[in-house]
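# Notes for the structure review
What follows is each chain in one-letter form.
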Amino acid sequence: MKRRNSTRLAGVLGWPVGHSRSPRLHGHWLQHYGIDGAYVPLPVRPEDFAEAVRLLPRMGFVGANVTVPHKEAAFRLCSLRDAAAERCGAVNMLLFDGDAIEGRNTDVFGFLENLRRGAPHWRADDGPAVLIGAGGAARAVAVGLVNAGVPELRILNRTQARAEALAALVGSTARALPWSDLPRALSGAALLVNATSLGMVGQDKLGIDIAPLPNAATVADIVYAPLETDLLAAARRRGLATVDGLGMLLYQAQPAFAAWFGTKPEVTPELRRAVLEAE
Ligand code: ATR
């Protein structure tokens, strides 16, 4: 393939990174919009991360996504950060301007946009939200829900100390509850979000009883393989509104693509199919 100097390059930094669907996602948009660009996986070890990031702009990269385990390291490297990155202490998208590195967090936008599209009736002030999980993904969900204006965020996690740390990070709207309080936390909640890896192919099931949730509640999962997790299937059987996790991946990519390649891309059923297709 012949590359001109004007070819815009971007990629995803992770370790490992072979599982990432981002190359397929951005590749679909590049082809669809006829843009002279490429988006590649960038497997980089943690000890090489800072050096790799410094070299990318010199190699013609306009930016990069950052995934596990580099999001906090990326945060520390940036000379400029957006508000969502500051709130999360994590960066999932880099934008290069000469030697200056700007870091943004588009996971927060991705989660909320997916929730709003998938459950258009949901309003932040409908009632308390329950968040299960307290890892990196849960942080973006918690910041998104508090920014959106939920009146109360109840955080539960296997390791309660991490739930407490997350609640302290996002502020007084949030409180950590012991796992044994789950039935009480669910009762009266307007939204339940699973932000753990449970329910994903190859992992244990989440295995919670959602009976205490009100009939008007919405249930969202950040897991997208399978698209319908056991949690979402149980919610659907009860007639609750459900939102799957694929859209969070697709919508976090939208502002990144626009910043790097200059076109705001659409999230379409065709894109969902392209991203879900088997290798
Ligand atoms: P990510 O950045 O993808 O969110 P992470 O930081 O490793 O990944 O967080 C994974 C989340 O899934 C955590 O909330 C974790 O709970 P702990 O904080 O107790 O580790 C949760 N999780 C993973 N495996 C779990 C299991 N078998 N049972 C309960 N929670 C689990």
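Below: a short report on this structure. From a predicted model like this one, the values you see are computed outputs, not experimental measurements. (Residues numbered from 1 in each chain as written. Predicted model: local features only at pLDDT ≥ 70, side-chain atom pairs only at ≥ 80, totals over all residues. Heavy atoms only, no water.)

### Describing the overall build of the protein
When helices and strands are counted, the protein shows 11 helices and 12 strands. Here the C-alpha atoms of the protein give a radius of gyration of 19 Å, agreeing with the 19 Å that 2.2 N^0.38 yields for 279 residues. Dimensions along the principal axes, computed over C-alpha positions, put the protein at roughly 60 × 35 × 35 Å. Within the protein, the proportion of its 279 residues that are buried is 51%. Of all intrachain contacts in the protein linking residues separated by at least 6 positions in sequence, the fraction that spans at least 24 positions is 67%. Total accessible area on the protein is roughly 13,000 Å²; 51% of this is exposed by carbon and sulfur atoms. (Helix = DSSP H or I, 4+ residues; strand = E, 2+ residues; numbered from the N terminus. Rg over C-alpha atoms; globule rule 2.2 N^0.38 Å. Buried < 20%, exposed > 50% of the residue type's maximum accessible area, 1.4 Å probe, protein only. Contact = heavy atoms within 4.5 Å. Areas by Shrake-Rupley, 256 points an atom, 1.4 Å probe, with all protein chains shown as cover.)

### Considerations on the packing of aromatic side chains
Under the criterion given, the structure shown has five aromatic pairs. For the ring pair F257 and F261, a centre distance of 4.8 Å and an interplane angle of 50° mean the geometry is tilted. Of this pair, F257 and F261 both sit in helix α10 (residues 246–261), four residues apart, which is roughly one turn of that helix. Considered together, F257 and F261 belong to a single accessibility category, that of buried residues. (Phe/Tyr/Trp six-rings, centres within 6.5 Å; stacked < 30°, edge-to-face > 60°.)

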